[in-house]
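As a plain string of letters, each chain reads:
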Amino acid sequence: MSSPPPMRTTRVLDPEQIAMQAGRQMPFLRLPVRALAFSDRQLRLRQLAASHPMREYLIFIADLAQAQHQVLQDYAPVALPASDELEAASKVLKPPMPAFGWTRDAVWLGELRRLLALFRARVPEGPARDTLDRVLAADDAWIDQQADRLSRRLMFGLDLAAAPLIAAGLQAYWTQLVLQVAERHGENIFGRTDPGTECPCCGSAPTVSITRIGADEAGFRYLHCSLCGTEWHYVRIKCTHCESTKGIHFESLSPQPGIEPPPTGAREGAVKAECCDSCGHYLKQVAMEKDPEVEPVADDLASVTLDLLVSEAGHQRSGHNLMLLFGDPEIPDDGGGG
């Protein structure tokens, strides 16, 4: 059995020395773009899958992302929060459409079934097709129950085989919701939240952070929402779980001799884990300056090896990827069961 790839540790001694350039402005929010939403993801997944050990699963999620993209292009209008609700949320630094707490428009169920029907055409016969057919045949109440557990990050009672399929519908719905609100009220309707680790639109946890390139955003870090795809600025060298700036270091996979590209599928140095010694959590970071084609969800999926090694070193993942759920089952705090 081959030994796991080694990790490379980089410790940051003085995080205060790394700060935003004086007087430099950058957009706080980067909302999803309808024409690109999920399309960039499926393209990156196919690129990463070419020589990846998880090739079949990456292609599976790429096909699912392609169906998400198709549905989003002509998604049915959904019910929006009233103007006073948006203003009230902004005043108390809370997301206006929290993932768990916002009443989902029933439209989402119909669009989920449309998405899965499109996806089914690309899924060959086998266990995956059987799971897909089971979800399509399920009643709305069961699907909504599963969606609630996904929104609350509860593993207890969650159907792990069906979870990515239902999550795909949730992502498409919340992306549509955010885009509709922005189209009606403007992008500035979404403000900062407290804590700053939550998505300003839906309050969900990030999947990873991404350092961007470009005239206005070069070198700045954004957190990528696991649900609605919104990105929001978050200063570098700061824990995305406890918000500490002390004891931050980075872990990355070192390429093995004769193997190219590294185990993540991305270029060397493009994917690393920002680890916090204060709280013991970590969040992966993807860097466009190292690989301009990185995509948050795709590169997170393709770098599961890094998660395993960092977890073995004693750190707990704070990021959330709805396309790949793992961890110990949790008992719901509301007494519900599965």
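These numbers were taken from a predicted model, which means no experiment stands behind them. (Residues numbered from 1 in each chain as written. Predicted model: local features only at pLDDT ≥ 70, side-chain atom pairs only at ≥ 80, totals over all residues. Heavy atoms only, no water.)

**So, the overall build of the chain**
Part 1 of the argument: A tally of regular secondary structure across the chain gives nine helices and nine strands.
Part 2 of the argument: Long-range pairs, those at least 24 residues apart, make up 72% of the contacts in the chain between residues at least 6 apart in sequence.
Part 3 of the argument: For the chain, the accessible surface area stands at approximately 15300 Å², while carbon and sulfur atoms represent 52% of it. (Helix = DSSP H or I, 4+ residues; strand = E, 2+ residues; numbered from the N terminus. Contact = heavy atoms within 4.5 Å. Areas by Shrake-Rupley, 256 points an atom, 1.4 Å probe, with all protein chains shown as cover.)

**Things to note about the layout of surface pockets**
Part 1 of the argument: Of the volumes computed, that of the largest pocket is approximately 930 Å³.
Part 2 of the argument: Around the largest pocket, the lining comprises 41 residues; the ones closest to its centre are Arg153, Arg317, Ser318, Gly319 and His320.
Part 3 of the argument: Of all the secondary structure elements, the ones that give two or more residues to the lining of the largest pocket are α6 (140–151), β8 (281–287) and β9 (316–317).
Part 4 of the argument: Counted as a void, the second largest pocket has a volume near 470 Å³.
Part 5 of the argument: At the level of elements, α1 (39–49), α7 (163–185) and β4 (221–225) are the ones that each hand at least two residues to the lining of the second largest pocket.
Part 6 of the argument: Taken together, the residues of the lining of the second largest pocket sort by class into 14 nonpolar, five polar and seven charged. (1 Å grid on protein atoms, 1.4 Å probe; cavity = no way out; pocket = protein on both sides within 12 Å on 5 of 7 lines; lining within 4 Å. Points joined across faces, edges and corners; volume = space filled by probe spheres on them. Nonpolar A, V, L, I, M, F, W, Y, C, P; charged D, E, K, R; others polar.)

**A word on the nonpolar core**
Part 1 of the argument: Within the largest apolar cluster, 66 residues are counted, with the highest numbers of intra-cluster contacts made by Trp108, Leu150, Trp174 and Met323.
Part 2 of the argument: In terms of residues, this core owes the most to one element, α7, which gives 13 residues.
Part 3 of the argument: Apart from the residues lying within four places of it in its own chain, the contact partners of Met323 are Tyr57, Ile61, Leu64, Pro164, Ala167, Ala168, Gln171, Val297 and Leu301. (Core = buried A, V, L, I, M, F, W, Y, C linked by side-chain atoms within 4.5 Å. Buried < 20%, exposed > 50% of the residue type's maximum accessible area, 1.4 Å probe, protein only.)

**Observations concerning the packing of aromatic side chains**
Part 1 of the argument: Here the structure, examined in full by the defined rule, presents three aromatic pairs.
Part 2 of the argument: Their ring planes at 20° and their centres at 6.0 Å tell us that Tyr57 and Phe60 sit as a pair that is stacked. Of this pair, Tyr57 and Phe60 both sit in helix α2 (residues 55–73), three residues apart, which is roughly one turn of that helix.
Part 3 of the argument: Residue class for Tyr57 comes out partly exposed when judged on its relative accessible area of 25%.
Part 4 of the argument: The exposure class of Phe60 is partly exposed, given its relative accessible area of 21%.
Part 5 of the argument: Taken together, a centroid distance of 5.1 Å and an interplanar angle of 85° make the contact between Tyr173 and Trp174 edge-to-face.
Part 6 of the argument: Given the relative accessible area of 0%, Tyr173 is considered buried.
Part 7 of the argument: Trp174 gets classed as buried once you look at its relative accessible area, which sits at 0%.
Part 8 of the argument: Ring-pair connections join several aromatic residues into one group, and the members of that group are Tyr57, Phe60 and Phe119.
Part 9 of the argument: The ring of Phe100 carries Arg152 above its face, with NZ or CZ at 4.5 Å from the centroid.
Part 10 of the argument: Taking the ring centre of Phe250 as reference, the NZ or CZ of Lys272 above it sits at 4.4 Å. (Phe/Tyr/Trp six-rings, centres within 6.5 Å; stacked < 30°, edge-to-face > 60°. Lys NZ or Arg CZ within 6 Å of the ring centre and 35° of its normal.)

**Looking at the pairing of strand β3 (residues 206–211)**
Part 1 of the argument: With six of six residues buried, β3 lies mostly within the body of the structure.
Part 2 of the argument: In terms of strand pairing, β3 meets β4 through five bridges, oriented antiparallel. The partner of Val208 across the bridge, within β4, is His224. (Pairing = 2+ DSSP bridges.)

**Overview of helix α5 (residues 127–137)**
Part 1 of the argument: Along α5, the residues classified as buried are Arg129, Thr131, Leu132 and Val135. Angular distribution of buried residues about the axis of α5 spans 160°; they occupy a single face of the element. Opposite the buried face of α5, at more than 90 degrees from it, the exposed residues are Pro127, Asp130 and Ala137. (Arc of directions from axis to C-beta.)

**Concerning helix α4 (residues 107–120)**
The α-helix winds at 3.6 residues per turn, so residues separated by three or four positions along the chain end up facing the same way.
Part 1 of the argument: With 14 residues, α4 extends 20 Å between its outermost C-alpha atoms, agreeing within 8% with the 20 Å of an ideal straight helix rising 1.5 Å per residue.
Part 2 of the argument: Residues Trp108, Leu109, Glu111, Leu112, Leu115, Leu116 and Phe119 constitute the buried set of α4. Each buried residue of α4 sits inside an arc of 165° when the element is viewed along its axis, so together they form one side.
Part 3 of the argument: Looking at the packing, one finds that the buried side of α4 touches α2, α5, α6 and α7. (Expected span 1.5 Å × (residues − 1).)

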